Amino acid sequence: MGSLGIRAATVLDAERLAVVHEQCVRESGLAGEIIDQSGLEDRYERALSVMDATTTWVATWDGEIVGFVSATALGPGHARMLELSSLGVLASHRNRGIGSKLLNHAVGTAPCLAWAPAGAESFYRRHGFEADSVTETREGMPFLRVLR
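First things first, this report covers the structure right here in the doc. (Residues numbered from 1 in each chain as written. Predicted model: local features only at pLDDT ≥ 70, side-chain atom pairs only at ≥ 80, totals over all residues. Heavy atoms only, no water.)

The full count for this structure, using the stated rule, is 0 disulfides. Residue C24 stays outside any disulfide, its sulfur separated by 19 Å from that of C112, the closest cysteine. In this structure C24 comes out as buried when scored by relative accessible area, which is 8%. (Disulfide = S-S within 2.5 Å. Buried < 20%, exposed > 50% of the residue type's maximum accessible area, 1.4 Å probe, protein only.)

Here it is as structure tokens:
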């Protein structure tokens, strides 16, 4: 049996994060267009090299990155002050509680909003989120806004 770790992501994780992110999207079967892995890597490098309101954590299994979560502090004037920006776990490591641990690590039980890809609403519902009527398309995939 492997061991799970959760730690803050660093710029050194950008390449592997891009691979895992792209694989999670592909495994979801919901990708409407091809995900540009090099673009994702550049985006992670930029995001992880600056101090801003977004923090990214990675889940590791025996030292290998198998999941990720990003949360952003939005501040006053938004539907919620926290936004769960992204969350993904490789299919080979799902149903082990890793997604729940990442979610709890990123936002705890705080009120927040998240964008649930089609098919993931039940995961968010189990964690106290409720869907509203706002939808959005990101990277060719439909998302539903959920609030807690």
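Overall, the coordinates contain 4 salt bridges when judged by the stated rule. The partner of E22 in a salt bridge is R26, and the shortest N-O contact between them spans 3.1 Å. One end of the pair is E22 and the other is R26, both in helix α1 (residues 14-28) and 4 residues apart, which spans about a single turn. Put simply, D132 and R145 hold a salt bridge, and the shortest N to O gap is 2.6 Å. (Salt bridge = Lys/Arg side-chain N within 4 Å of Asp/Glu carboxyl O. Helix = DSSP H or I, 4+ residues; strand = E, 2+ residues; numbered from the N terminus.)

Our next topic: the pairing of strand β4 (residues 82-89). Both strand β3 (residues 64-73) and β4 contribute to a ladder of 7 bridges, which runs antiparallel. Bridge pairing links F68 to G88 in β4. Bridge analysis of β4 against strand β5 (residues 113-117) gives 2 bridges, and the strand direction is parallel. What sits directly across from L84, in β5, is A114. What joins β4 to β5 is helix α3 (residues 98-107), and the crossover it makes is right-handed. (Pairing = 2+ DSSP bridges. Right-handed = clockwise from strand over helix to strand, strands pointing away.)

Honestly, that's just the spatial picture; any functional story needs more than this.
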